Amino acid sequence: MVLRTIGIPWLQEQTPLSILSQEALTWLWEHGQEQSLQTHQRLVLEDTPVLGLYLLLEGRLESYRSRQTGMAWATSLLPGSLLHLPELILQQPAQRTVVALSDVQLAFLPAPAFREWIQQFPEVTQVFSQQLAQELAQVSAQLLYEQDRQTALRPYLVTKASRGIVGNSRYAVRLRQQIKEASQDRRPALIFGEPGLEKDNIAALIHFSSAQRREPMIKVNCALLQASGSELLGRAGGRPGLLEWLGSGTLLLNNVQDLHPDFLPKLANLLETGRYTPVRRLEEPVEERICQARILMISEKTLPTLDPWVGHAIKVPPLRVRKADLKAQVEYYLSLVSRSRRIPRPTIAPEALRRLQSYDFPGNLRELKSLVERAVVQSANPNGGIPILGEEVFWSTGSKSKRFRLNLLNAYPRLRKFLRSGWWPDGLNWGVVLPAYTVVVFLLLWGPQDRPHNLGLNLFWAWWWPGILLAFPFVGRLWCAVCPFMIYGELTQKLSLWLLPRPLRRWPRQVMEAGGGWFLVSLFGLIFLWEELWDLPHTAYLSAWLLLLITAGAVVGSLLFERRLWCRYLCPIGGMNGLYAKLSMTELRAQQGTCSAECTTYQCYKGGPAKGEGQASLGCPLYSHPAQLQENKDCVLCMTCLKACPHRSVEFNLRPPAIELWTSHTPKASEVALLLLLLGGIYLHHLPQLQALLINHGQIPVNLDSFVGHLGLSLLTLGIPTLVPLLAHGLAQWGSVKPRPFLEWIYGYLPLVWGGTLAHYLEAGLREAGQILPVSWQTFGLTGTGLPTLTADPAVVSFLQGSVLLFSLFASLLLLQKITRQSLLTLLPMISGSLLLTGSLWGLILP
C-alpha cells in the first residue's frame, strides 16, 4: 500500500497539508483509501458532484476546463497535488475535468469522512479558508487579466480550421505531409501560393494539429500594420502588444508581402532570435522580451528577406495542377451548399465535370466554391427531387485557350463515329491510298514520259499539288495521316520485326530538334533544284524517283527507329505540311484538366490495351500528347489519341485560322528558313519568265541551256526574294521603339507564301486536271478521243490566281499586325515588302 509506506513526513514535505497539525495528518493518514487509475482514464468530469478529497501519490494527472480559453486551459498535476479541497469546503461541483496521463496512485478521503475530519479538526477550515482567500484574490486578478486579454485578442481570433485537405492526388498527399511536419515543432512557417487557395485554413490546420492547439490563434493583416509594428510589439510603458497578450499561442501574419519595408528587419530579427523590443520613445531604455508565440506567415510569393529564418516553407499548388482533386473538391462543396440550404445533394454530370477540368481557375478554390454555389442555385428544382448539374450552369468557365473554339466532334457525332472507326485512316490507307500510290509509281516508271500522256504525272502535278494546298487552311496536316510514304515505312517495320524481332531505337530527340529541321530544309532545296534543272514536272520517271527516294527515307527511318521519326523531323513534304498547317482553321487538342485529373495510363501517347470506350492503341506515331500540343505542326490527324482516349478528352476544334501564330507559337530558325525557301521556290517555278525579263529589260544574257548558268541562276532565284523581308526588318528595326524579332514577325508572310504557291499550281489544276479521262486512255496507248474534259478558260484561271494572291496579301497584312501588335506606321516596311512581293508574283504568275 503506497499510502502506508510513504508516511506522515512525506505528507508534511511534499503536499499543501504541511500547514496542518500532526494530529490532523495522522487522522487523514489512518482514514485514507487508495485508488489507482490507468493511462487516459478519467478521474472526474467537470460540473459533476465531488465524491471526496484526492491526493496524488504517484504518476501524472491533467486537469482542464473545456470552456476556458486562456493560458490556464490545461494544468499538469504532479505527486503531492491535492484535488477538490475548495469544492468540498464550499460545497461546489467539480470545477475541472481530471484525466490520467500515466498510471496513477491516489489517496482518497470520501466526502462523509472529509466532513467528519473538518468537524474534528476546525483548523482545517480556518487554515484553508485563508489560503482560499489568497487564491481567490489571485484568481480575480487573473480573471481581470484574462478579460483584458480576450478583449485584445478577440478581433483577431481564429477559432477552428474550416476543413482538411481534400483529394488524393500527389499534391494533396504532399501538402498533408507538410502540414503534419510543420505541426510537430514550433519553428516559423511560410505558406505561399496564388490567391484563392485558402492558405489561412492551412495555417489553422497546422495550429490545431499541434500540441498547442488549446492555445489561442490570431490572424493579423499585414497590410494594416504600422511601420513601427506597435500593434504586435506593444509600446514601452503602455498597453502590451498582441505578442504579449498571445503568450504561447500562434500568430498568423496574413499577406506578409504587404508589410511595410521598415518593419521587415524587426520581423526578421524576431524570427531569428525569438526576441522583440517594444516600441519606445526617443532614447528611453527598453529591455528585449522573449516571444513565446509560434509565428506562421501567409504570402503570395517567397520573401528573400525572411527565407533564412523560415523553418517550414509550404508552397500551396494552384488548382489548375490539381485537376485530379477537382471532382472531390466539387463533391465537398456540393455537400456544404446542400447542407446549408437544406436541399437534396445535387449530382454533377460527367460533361460538366469535364468542362470544369478544362478551366484553369485563376481564382482557385475560392472561385470553384463560388461556381458551385451559383450552379446549385441555378439548377434548383422547385418540384423537389435531386437536381443534376449540367455544363450549362457553369457558363462562366470558358478558358482563354478555348475561346473561339467549336468542338466538331460534339457538334457532329457522326464525324466522331467515322474518325473512331476502322475506316480512318487504316481503311483508306490499305484499301485506297496504298494501291493507288503503287499504280502511280508504276505508271511513272514504265508509262509514257510526257505529261499529256501519263496519268501519274497528271495526278501528281495537276491533282495532288493544288488539292493539298487547298486543304491546308481547312484540315492542316491531314494528308500525312494517309501519306503513302509512311504506309510503306510502317509495313516494312512490321515485316522486319516479324522476321527479326528486336527493340527499335529510341528517338535522338536532342539531335533531331537541333538538326532535323535543317536537314529537311536542305532536302527541300535540293528537290527544288532537281525539279528545275531536270524538269521533273514533265519527266515521269524522275518524278517517280522523287517519290521513291522520299519513300526510302521513311522506310530506313522505320527500320531503325520506333514510330514515325521520318515524318516528324526529316520528311521535306512533312516539313512543308507542318508549316502550312499553322494556317489551318481546325486543330486537334485535348482537355488538359481531364487528362491530368482522370488519366493515369496515357495510352493515347504511350499506347496500351482497350479501356472503357478507349480502343487498344500503339500510341501517337509522332510522340505528341494531345494535351500538350500548342500548334498543328506535330499532329498528323491520324486520330489515334481520339480512339484510345476513354475519357472523351480529345477535341477536334474549329478555330480562327492561324490563331496559334499570335498566341502560343514558338518560332524556330529552321522553319523560317523553310518559309523563305518556299518563297524563293515560287520564283524558281517561273524562271523562264524571269529570264525573259532580265534579257528584255536589262540586256543581260542568261543562258539556261548551260548547266552551270542554269544552276547559278536557280540559286540566285531561290535566295534573292529573301532579301525583301530582311530589308523590311532592317528598316523596321531602325524606326521602331520596340522592334519585334525577325523570327517572330516573318511568319506573317506565311499566308502570302501559301497563296503564291497555290496560285502557281492553280493553272495546272484548272487546265490539266479536267483532262484526266483522255490522259488515262493515252497512258495505256489508246487515243481517248471524244472523252469529256473539264478545262477552265484562261481568263477564269487568271481571275482565280489574282484573287488568291490578293486574299493571301490581305491575310498576311492582318497576320503581321496580330503577331507584332504594332501600329501601321511601324509596320510600314513589312507592308511595303508584302506589296512588293505580291506585285512581282502577280507579274510572274498571271499570263
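Since we're looking at a predicted model, the values are computed, not measured.

K.L.:
Pulling in residues and values, what's your account of the packing of aromatic side chains?
P.N.:
Each aromatic ring pair is characterised by the separation of its centres together with the angle its planes make. Tallied over the entire structure, the rule returns 20 aromatic pairs. Consider the rings of F472 and Y580, whose centres lie 5.3 Å apart with planes at 40°: the pair is tilted. One end of the pair, F472, is in helix α17 (residues 455–475); the other, Y580, is in helix α22 (residues 572–580), with 108 residues separating them in the sequence. Here F472 and Y580 have matching classes, each one buried. Judged by centre distance (5.5 Å) and plane angle (55°), the ring pair of Y605 and Y623 falls under tilted. Of this pair, Y605 sits in helix α24 (residues 603–606) while Y623 sits in the loop between α24 and α25 (640–644), and the two are 18 residues apart along the sequence. For Y605, a relative accessible area of 25% translates into the label partly exposed. In this structure an aromatic cluster arises from ring pairing among F460, W461, W464, W465, W479 and Y761.

K.L.:
Would you mind going over the sheet that holds strand β20 (residues 586–590) in detail, with residue names and values included?
P.N.:
Read across the open sheet, the three strands follow the order β19-β21-β20; overall the sheet is antiparallel. Strands with a single pairing partner mark the edges of an open sheet, and in this sheet they are β19 (406–407) and β20. Here two bridges tie β19 to strand β21 (residues 650–654), and the two strands are oriented antiparallel to one another. By the bridge assignment, L406 is partnered in β21 with L654.

K.L.:
An account of the state of the cysteines is requested, with residue identities and associated values reported.
P.N.:
This model, assessed by the stated rule, comprises zero disulfides. Left unpaired, C635 is separated from the closest cysteine sulfur, that of C641, by 6.3 Å. Exposure remark for C635: the relative accessible area of 12% places this residue in the buried category.

K.L.:
Hey, could you go over the nonpolar core for me, with residue numbers and the actual values?
P.N.:
Ranked by size, the top nonpolar core spans 119 residues in total, and within it L469, Y580, L675, L678, I746 and Y749 carry the most contacts. In terms of residue count, the dominant contributor to this core is helix α26 (residues 669–684) (11 residues). The residues touching L469, leaving out its near neighbours within four places in the chain, are Y580, W754, T757, L758 and Y761. I8, L37, V104 and L106 belong to the second-largest nonpolar core, a separate cluster that totals 34 residues.

K.L.:
Could you give an account of the sheet that holds strand β9 (residues 157–158), naming the residues involved and the relevant values?
P.N.:
Strand order in the open sheet formed by six strands is β9-β11-β12-β15-β10-β16, with mixed pairing between adjacent strands. Lying at the two open borders of the sheet, with one neighbouring strand each, are β9 and β16 (312–315). Looking at chain direction, β9 and strand β11 (residues 217–221) are connected through two bridges and run antiparallel. Bridge pairing in β11 places V158 opposite M217. Helix α6 (residues 170–182) rests against β15 (294–299) and β16 of the sheet, and its axis sits at about 160° to β16.

K.L.:
Residues and numbers for the confidence of the model for the chain, please.
P.N.:
Of the residues in the chain, 91% have a pLDDT of 70 or more, and the chain-wide mean is 86. Across residues 68–72 the pLDDT falls below 50, and counting only partners more than four positions away or on other chains, this stretch makes 14 contacts in the model.

K.L.:
If you had to explain the environment of A293 to someone new, which residues and values would you point to?
P.N.:
For A293, the location among the structural elements is in the loop between β14 (289–290) and β15. Spatially, the C-alpha atoms of A293 and E244 are 8.6 Å apart, while their sequence positions differ by 49 residues. When neighbours within four sequence positions are excluded, A293 is seen to be in contact with R186, L243, L246, G247, S248 and G249.

K.L.:
Tell me about the environment of H40, and name the residues and values.
P.N.:
One can find H40 in the loop between β1 (33–37) and β2 (42–44). For H40, a relative accessible area of 66% gives the class exposed. In this structure, the C-alpha to C-alpha distance between H40 and Q510, residues 470 residues apart in sequence, is 64 Å. Once residues within four sequence positions are removed from consideration, H40 is found in contact with V99 and A100.

K.L.:
An account of the pairing of strand β7 (residues 97–100) is requested, with residue identities and associated values reported.
P.N.:
What you see with β7 is no split at all: T97 and V99 on one side and V98 and A100 on the other are buried throughout. Note: β2 against β7, two bridges, orientation antiparallel. Within the sheet, the bridge partner assigned to V44 lies in β7 and is V98. Of the pairings in the sheet, the one linking strand β4 (residues 61–64) to β7 comprises four bridges and is antiparallel in character.

K.L.:
Please set out helix α16 (residues 423–446) residue by residue, giving values where relevant.
P.N.:
At N429, α16 shows its strongest bend, of approximately 50°. Along α16, the residues that are buried comprise W424, P425, N429, V433, L434, Y437, V440, V441, L443 and L444. Contacts made by the buried residues of α16 are with α15 (413–419), α17, α18 (484–499), α20 (540–560), α25 and α32 (772–779).

K.L.:
Kindly report on the pairing of β20, identifying the contributing residues and their values.
P.N.:
With five of its five residues buried, β20 lies for the most part within the structure. What you see with β20 is no split at all: T586, L588 and A590 on one side and E587 and R589 on the other are buried throughout. As paired elements, β20 and β21 share five bridges and run antiparallel to each other. Of the residues in β21, the one forming a bridge with E587 is N653.

K.L.:
Explain the pattern of salt bridges to me, and be specific about the residues and the numbers.
P.N.:
In total, this model carries 22 salt bridges according to the counting rule given. In this structure, R451 and E768 form a salt bridge, with 2.8 Å as the shortest nitrogen-oxygen distance. Placement of R451 in the loop between α16 and α17 and of E768 in the loop between α31 (750–767) and α32 is noted, with a sequence separation of 317 residues between them. Under the relative-accessibility criterion, E768 is labelled partly exposed at 25%.

K.L.:
A description of unusual backbone geometry should follow, citing residues and the corresponding values.
P.N.:
The omega torsion across W424 and P425 is -15°, close enough to zero to call that bond cis. You can see P425 is positioned in helix α16. Although it is not a glycine, E198 adopts a positive phi angle of roughly 55°. As for its placement among the helices and strands, E198 is situated in the loop between β10 (189–192) and α7 (199–208). Despite not being glycine, D535 shows a phi value in the positive range, around 55°. You can see D535 is positioned in the loop between α19 (509–533) and α20.

K.L.:
Break down the packing of α31 against helix α33 (residues 794–820) for me, citing the residues and quoting the values.
P.N.:
Close contact between α31 and α33 brings their axes to 8 Å; oriented N to C, the two are set at 165°. Taken together, the axes of α31 and α33 are roughly antiparallel relative to one another. You can see that α31 and α33 cross each other, and the crossing is right-handed. Of α33, the residues touching α31 (which contributes P751, L752, W754, G755, G756, L758, A759, H760, L762, E763, L766 and R767) are P794, V797, L800, Q801, V804, L805, F807, S808, L809, A811, S812 and L815. Residue composition of the contact of α31 with α33, grouped by class: 16 nonpolar, six polar and two charged.

Conventions adopted
Residues numbered from 1 in each chain as written. Predicted model: local features only at pLDDT ≥ 70, side-chain atom pairs only at ≥ 80, totals over all residues. Heavy atoms only, no water. Phe/Tyr/Trp six-rings, centres within 6.5 Å; stacked < 30°, edge-to-face > 60°. Helix = DSSP H or I, 4+ residues; strand = E, 2+ residues; numbered from the N terminus. Buried < 20%, exposed > 50% of the residue type's maximum accessible area, 1.4 Å probe, protein only. Pairing = 2+ DSSP bridges. Disulfide = S-S within 2.5 Å. Core = buried A, V, L, I, M, F, W, Y, C linked by side-chain atoms within 4.5 Å. Contact = heavy atoms within 4.5 Å. Axes fitted to C-alpha atoms, helices over the stretch in contact; angles between N-to-C directions. pLDDT = per-residue confidence, 0-100. Bend = angle between axes of the 7 residues up to and from the residue. Salt bridge = Lys/Arg side-chain N within 4 Å of Asp/Glu carboxyl O. Parallel < 35°, antiparallel > 145°, perpendicular 65-115°, else oblique. Left-handed = near helix turned anticlockwise from the far one by under 90°. Nonpolar A, V, L, I, M, F, W, Y, C, P; charged D, E, K, R; others polar.

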